[in-house]
Amino acid sequence: MPYARITLHKGKSESYLRALADGLFQAMHESFETPATDRFQVIHQVEPGELIYDRDYLGGPRSQDFVHIAITVGRPRDAQTKQRFYQHAVTLLAQNTGIDPEDVMIVVHTTASEDWSFGGGRQGITAAQVLS
Amino acid sequence: MPYARITLHKGKSESYLRALADGLFQAMHESFETPATDRFQVIHQVEPGELIYDRDYLGGPRSQDFVHIAITVGRPRDAQTKQRFYQHAVTLLAQNTGIDPEDVMIVVHTTASEDWSFGGGRQGITAAQVLS
Amino acid sequence: MPYARITLHKGKSESYLRALADGLFQAMHESFETPATDRFQVIHQVEPGELIYDRDYLGGPRSQDFVHIAITVGRPRDAQTKQRFYQHAVTLLAQNTGIDPEDVMIVVHTTASEDWSFGGGRQGITAAQVLS
């Protein structure tokens with residue numbers, strides 16, 4: 001039950017954006033225990049001057065291709081799972097779009113199942129839904 | 001002390017957007033213990049391709065009208081309060097705008113009072129403010 | 001390891017936006033224990049009607065210059081540190097841009113170090129990175 005907010009500079013093609021979003025989702029499904037159709041992503045394309053980032057802090061050098069990914073999840077994952085996910089995500093994003101792994105920043109926010117309503121005003125995931 | 005970030009596709013009228021924001025706030029006030037003037041909302045209208053979502057995961061079918069609502073609150077609410085709020089929100093949104101409840105997704109983020117400064121660099125809610 | 005999302009109405013100059021972002025970062029570095037080059041900021045400029053806020057709730061009166069700042073940090077700070085940061089931030093923002101402190105709202109979200117990958121798929125801050 002995650003959603004992701006992906007922020008990057010305007011100027012990329014539709015197919016690049018889609019490949020980026022696809023790669024991120026594939027990594028979440030394969031390495032972050034995200035169900036195969038649990039996909040909610042927002043792409044926020046910004047103008048020059050609207051995305052400010054240090055070129056070298058704890059990574060880099062970062063380029064104009066820098067992508068900031070904020071993910072909100074519905075239950076905790078352990079540190080090892082997160083580490084595997086980060087590695088898998090940058091690998092898939094590089095394969096899909098050619099982006100340099102140093103240009104990919106990921107931050108995870110954690111909430112609880114009861115904090116989510118996917119639709120219809122229903123709360124979280126019911127047992128029936130998990131079983132179905 | 002919540003704020004909400006409402007994300008949907010571009011193309012809706014100003015009155016639709018306002019009715020959406022009004023309905024959400026009314027539900028927060030009536031079912032989520034939000035004070036009558038504690039209102040802070042951002043509407044993020046996106047282009048086709050910038051909002052990616054599964055049509056059927058734990059709800060749906062979702063349409064082009066899909067709205068993603070992320071709410072950040074300043075203290076915890078219990079699961080029952082959240083459940084009532086989700087139900088009330090989709091009911092009011094449907095009344096106000098005609099949106100299908102299956103097109104409304106809500107996620108709640110929780111912080112503490114000390115994490116907020118509403119203005120002037122003052123922290124949280126002081127006792128004087130609550131009493132006044 | 002914070003990132004900030006700064007939301008305000010369109011219409012400000014590039015130099016105003018930069019002075020706003022600079023003032024916020026300076027306050028974070030000087031009063032919020034943020035390293036000197038740990039800077040990641042997104043500016044979200046919105047159209048009229050996309051930013052809805054009460055003019056007087058726990059502050060104000062708020063004007064069209066209202067700025068909403070959401071900060072995500074990688075470890076907790078105590079309440080006093082937050083209070084000092086809020087005060088320092090509105091002071092620097094007023095100096096840099098002339099903005100009324102009552103027009104500045106700040107909300108802090110807290111995560112853990114393991115929730116961050118700054119680049120290359122590496123997790124958090126390693127001991128080597130802190131020492132280097």
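This text goes with the structure placed above it.
**As for the sheet that holds strand β4 (residues 67-73) of chain A**
Thinking step 1. Read from one edge to the other, the open sheet built from six strands follows the order β3(B)-β2(A)-β1(A)-β4(A)-β5(A)-β6(C), with strand pairing classed as mixed. Unpaired on one side and paired on the other, β3 (51-53) of chain B together with β6 (116-117) of chain C mark the two borders of the sheet.
Thinking step 2. Of the pairings in the sheet, the one linking β4 of chain A to strand β5 (residues 104-110) of chain A comprises seven bridges and is parallel in character. Within β5 of chain A, the residue paired with Thr72 of chain A across the bridge is His109 of chain A.
Thinking step 3. Contacts from helix α2 (residues 79-97) of chain A reach β5 of chain A together with β6 of chain C, with the element oriented near 140° to β5 of chain A.

**Here's the deal with the relation of the copies chain C and chain A**
Thinking step 1. Of the transformation superimposing chain C on chain A, the axial component is 0.0 Å and the angular component is 120°, with the fit at an RMSD of 0.0 Å. The operation mapping one copy onto its partner corresponds to a three-fold rotation axis.
Thinking step 2. Counting the interface residues of chain C, we find that no more than 4% of their copies in chain A are interface residues as well, pointing to two distinct contact surfaces.

**Overview of the relation of the copies chain A and chain B**
Thinking step 1. For the pair chain A and chain B, the best superposition has an RMSD of 0.0 Å and corresponds to a rotation of 120° with a translation of 0.0 Å parallel to the axis.
Thinking step 2. By residue overlap, the copies meet through two different surfaces: only 4% of the interface positions of chain A are interface positions in chain B.

**Some words on the environment of Ala94 of chain C**
Thinking step 1. Inspection of the secondary structure assignment puts Ala94 of chain C in helix α2 (residues 79-97).
Thinking step 2. The sequence separation of Ala94 of chain C and Pro35 of chain C amounts to 59 residues, and the corresponding C-alpha distance is 23 Å.

**Here we look at the nonpolar core**
Thinking step 1. Ranked by size, the top nonpolar core spans 114 residues in total, and within it Leu24 of chain A together with Leu24 of chain C carry the most contacts.
Thinking step 2. Once residues lying within four places of it in the same chain are set aside, the contact partners of Leu24 of chain A are Ala4, Ile6, Ile69, Ala89 and Leu93 of chain A.

**Considering the interface of chain C and chain A**
Thinking step 1. Contacts between chain C and chain A engage 26 residues on the former and 30 residues on the latter.
Thinking step 2. Contributions of two or more residues to the side of chain C that touches chain A are made by α1 (14-31), β2 (40-46) and β6 of chain C.
Thinking step 3. In the side of chain C that touches chain A, the residues fall into nine nonpolar, 11 polar and six charged.

**What about the interface of chain A and chain B?**
Thinking step 1. Each partner contributes to the interface: chain A provides 28 residues, whereas chain B provides 30 residues.
Thinking step 2. Only α1 (14-31), β2 (40-46) and β6 (116-117) of chain A provide two or more residues apiece to the side of chain A that touches chain B.
Thinking step 3. Of the residues forming the side of chain A that touches chain B, the biggest block, five residues, is contributed by β2 of chain A.
Thinking step 4. Looking at the side of chain A that touches chain B residue by residue, the classes come out as nine nonpolar, 12 polar and seven charged.
Thinking step 5. In the sheet, β2 of chain A pairs with β3 of chain B via three bridges, with the strands oriented antiparallel. Residue pairing across strands places Phe40 of chain A opposite Tyr53 of chain B, the latter belonging to β3 of chain B.

Calculation rules
Residues numbered from 1 in each chain as written. Chains lettered and ligands numbered in written order. Predicted model: local features only at pLDDT ≥ 70, side-chain atom pairs only at ≥ 80, totals over all residues. Pairing = 2+ DSSP bridges. Helix = DSSP H or I, 4+ residues; strand = E, 2+ residues; numbered from the N terminus. Contact = placed C-beta atoms within 7 Å. Axes fitted to C-alpha atoms, helices over the stretch in contact; angles between N-to-C directions. Least-squares fit on C-alpha atoms with pLDDT ≥ 70 in both. Core = buried A, V, L, I, M, F, W, Y, C linked by C-beta atoms within 7 Å. Buried ≥ 20, exposed ≤ 12 C-beta atoms within 10 Å, placed from the backbone. Nonpolar A, V, L, I, M, F, W, Y, C, P; charged D, E, K, R; others polar.

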